[in-house]
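# A structural walkthrough
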Amino acid sequence: MSRKMMIAGNWKMNGLQQDGVELAAAVKQAVKAKKWNCEFVVCPPFTLLYAVKKALRGAKVALGAQDCHTAEKGAHTGDISPLMLKDLGCSYVILGHSERRADHKESSAMVKEKAIAAKKAGLKAIICIGETLAERESGKTLDICAKQVRESVPDGAKAADVVIAYEPVWAIGSGKTPTAEQVEEVHSQVRKVLAQKLGKAEAGKMRILYGGSVKPANAAQMLALEDVDGALIGGASLKADDFINIAANAGC
Ligand code: PEP
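Structure report, in brief. (Residues numbered from 1 in each chain as written. Predicted model: local features only at pLDDT ≥ 70, side-chain atom pairs only at ≥ 80, totals over all residues. Heavy atoms only, no water.)

## As for unusual backbone geometry
In this model, Lys12 sits at a positive phi of 50°, which is unusual for a non-glycine residue. Note that Lys12 resides in the loop between strand 1 (5-10) and helix 1 (17-32). One non-glycine residue, Lys105, lies in the positive phi region at around 50°. Relative to the helices and strands, Lys105 is located in the loop between helix 4 (98-103) and helix 5 (108-121). According to the relative accessible area criterion, Lys105 is exposed, its value standing at 64%. (Helix = DSSP H or I, 4+ residues; strand = E, 2+ residues; numbered from the N terminus. Buried < 20%, exposed > 50% of the residue type's maximum accessible area, 1.4 Å probe, protein only.)

## Topic: the packing of aromatic side chains
How two aromatic rings sit relative to each other is given by the distance of their centres and the angle of their planes. All chains considered together, the criterion is met by 3 aromatic pairs. Where Phe40 meets Phe243, the ring centres are 5.9 Å apart and the plane angle is 55°; that geometry is what we call tilted. Remark: Phe243 occurs in helix 11 (residues 240-249) and Phe40 occurs in strand 2 (residues 38-43); sequence separation between them is 203 residues. Assigned by exposure class, Phe40 and Phe243 land together as buried. Among the aromatic residues, ring-to-ring pairing joins Trp36, Phe40 and Phe243 into one connected group. (Phe/Tyr/Trp six-rings, centres within 6.5 Å; stacked < 30°, edge-to-face > 60°.)

## Description of the nonpolar core
One finds Ile7, Phe40, Ile164 and Leu194 to be the most contacted residues of the largest nonpolar core, which totals 69 residues. Here the element with the most residues in this core is helix 8 (residues 180-198); it accounts for 7 residues. Ignoring any residue separated from it by four or fewer positions in sequence, one finds Phe40 in contact with Ile7, Val31, Lys60, Val61, Ala62, Phe243, Ile244 and Ala247. By size, the runner-up hydrophobic cluster in this structure holds 13 residues, among which are Tyr92, Ile126, Ala165 and Leu232. (Core = buried A, V, L, I, M, F, W, Y, C linked by side-chain atoms within 4.5 Å. Contact = heavy atoms within 4.5 Å.)

Here you go:
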């Protein structure tokens with residue numbers, strides 16, 4: 001089953017206007033320099049979306065946000081609706097990142113509602129799952145990830161609308177990564193759970209990204225795994241060279 005690799009950058013809460021424009025311009029230049037066999041996505045903070053969209057004009061780099069509300073509009077002070085993101089030029093939205101699950105108490109049920117709202121607005125969701133260190137050390141990784149997939153992915157979801165990102169919480173920003181065997185174990189299990197939930201054909205088409213301390217140096221090994229269809233990159237996506245070299249080293 002051939003799935004197009006995705007190289008996605010999660011800029012998190014980083015960058016003022018000038019930083020965002022410079023980073024986007026550097027990504028644009030690098031992406032335009034050669035023909036790539038992958039889909040690039042950058043997910044800046046809300047405040048940079050408009051400037052980054054303008055800076056990326058003409059480059060094959062999709063724009064994504066890092067969260068959205070479930071409603072189209074209304075009395076939700078401080079929130080951003082999926083329709084607003086679509087209107088701004090986004091095609092993706094990251095949902096259920098472990099930092100949002102922890103900082104904002106987002107449950108898998110909420111993530112699912114957001115994914116449904118995103119689809120309604122015409123956005124594709126990058127749904128994050130992953131175990132904590134305590135869960136890994138107590139042997140619960142596969143159960144936790146399976147449960148998060150079952151509960152976060154909308155029933156009837158299509159590969160065209162949803163991408164899964166497996167991000168072990170303990171690997172995010174820590175410089176630590178699971179072994180290649182551990183990554184493949186989770187990804188193949190996630191695909192089995194997706195097959196039970198969505199059918200084998202849809203599960204076979206759905207991309208499952210790995211995220212957590214991906215760097216140019218470990219990209220080739222991680223992204224060569226059978227069920228790994230790309231990377232969600234935090235820290236390394238803030239340097240255009242590192243972001244692009246992850247794609248290059250993965251043979252994209
Ligand atoms: C992330 O937060 O999505 C992430 C993968 O971060 P990092 O690459 O910095 O570990």
